[in-house]
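# Structural overview for review
In case you want the letters, here they are:
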Amino acid sequence: MDHLVDKLTQEMAKFGKVTVAKKTKQLSFKNHSLFAHITIRPEEIDLEFITPSLIKHTRLNQVKKIKTDKFRHTVLIKSDSDIDPQVLGWLRIAHATN
């Protein structure tokens with residue numbers, strides 16, 4: 001899982017300013033505020049990201065409205081192929097709007 005964490009961290013660093021807070025088995029990513037969070041599990045990574053609008057897609061395991069203009073989405077990352085342009089696009093939106 002470490003290589004997936006490294007890949008996600010490297011890709012998000014390309015967006016611009018990103019502050020990373022590390023805890024055991026968790027990382028939080030902030031621009032002006034929290035825009036993404038990962039929880040590392042033995043077989044997968046739970047990637048959560050926050051956007052100002054609802055995204056509907058079959059890849060998203062969970063979507064929760066956390067404020068009037070904030071939605072938390074969760075997608076599972078199990079392999080390098082899961083870190084694709086679609087997921088990176090969602091993360092770019094989250095970074096730009098938080």
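Refer to the structure above for everything that follows.
### A closer look at helix H2 (residues 85-97)
Across its 13 residues, H2 extends 18 Å between first and last C-alpha, which sits within 8% of the 18 Å expected from 1.5 Å per residue. Of all the residues in H2, the buried ones are Val87, Leu88, Trp90, Leu91, Ala94 and His95. Along the long axis of H2, the arc covered by the buried residues comes to 155 degrees, so they all point the same way. Exposed side chains of H2 directed beyond 90 degrees from the buried face belong to Pro85 and Ala96. At its buried positions, H2 is contacted by helix H1 (2-13), strand E3 (34-40), strand E4 (45-51), strand E5 (60-67) and strand E6 (70-77).

### Considering the pairing of E4
E4 sits mainly inside the fold: six of its seven residues count as buried. Relative to E4, E3 runs antiparallel, the two being bridged by five bridges. Among the inter-strand pairings, His37 is bridged to a residue of E4, identified as Glu48. The turn joining E3 and E4, which pair antiparallel and follow one another in sequence, is formed by four residues. Note: E4 against E6, seven bridges, orientation antiparallel. Residue Ile50 lies in a different strand from E6, and its bridge partner there is Arg72.

### Quick notes on the nonpolar core
Counting residues in each nonpolar core, the largest one holds 24 residues, and the members touching the most others are Leu8, Met12, Ile38, Leu47, Phe49, Ile77 and Leu91. Counting residues per element, the ones that place at least two in this core are H1, strand E2 (26-30), E3, E4, E6 and H2. The biggest single contributor to this core is H2, with five residues. Residues contacting Phe49, with those up to four places away along its chain left out, are Phe35, Ala36, Ile55, Leu60, Phe71, Arg72, His73, Val75, Trp90, Leu91 and Ala94.

### A few points about the pattern of salt bridges
Per the stated rule, a full pass over the model turns up four salt bridges. The residue Lys14 makes a salt bridge to Glu11 at a minimum N-O spacing of 3.3 Å. Accessibility expressed as a relative area gives 16% for Glu11, which makes it buried. Residue Asp46 is joined to Arg41 by a salt bridge in which the shortest nitrogen-to-oxygen separation is 2.7 Å. On the accessibility criterion, Arg41 (38% relative accessible area) is partly exposed.

### Overview of the pairing of E5
Two faces, one strand: in a regular strand the side chains alternate between the faces of the sheet. One ladder, built from six bridges, connects E5 with E6; its direction is antiparallel. Bridge pairing in E6 links Lys64 to Arg72. Linkage of E5 to E6, two consecutive antiparallel strands, is achieved through a turn of two residues.

About the criteria used
Residues numbered from 1 in each chain as written. Predicted model: local features only at pLDDT ≥ 70, side-chain atom pairs only at ≥ 80, totals over all residues. Heavy atoms only, no water. Helix = DSSP H or I, 4+ residues; strand = E, 2+ residues; numbered from the N terminus. Expected span 1.5 Å × (residues − 1). Buried < 20%, exposed > 50% of the residue type's maximum accessible area, 1.4 Å probe, protein only. Arc of directions from axis to C-beta. Contact = heavy atoms within 4.5 Å. Pairing = 2+ DSSP bridges. Core = buried A, V, L, I, M, F, W, Y, C linked by side-chain atoms within 4.5 Å. Salt bridge = Lys/Arg side-chain N within 4 Å of Asp/Glu carboxyl O.

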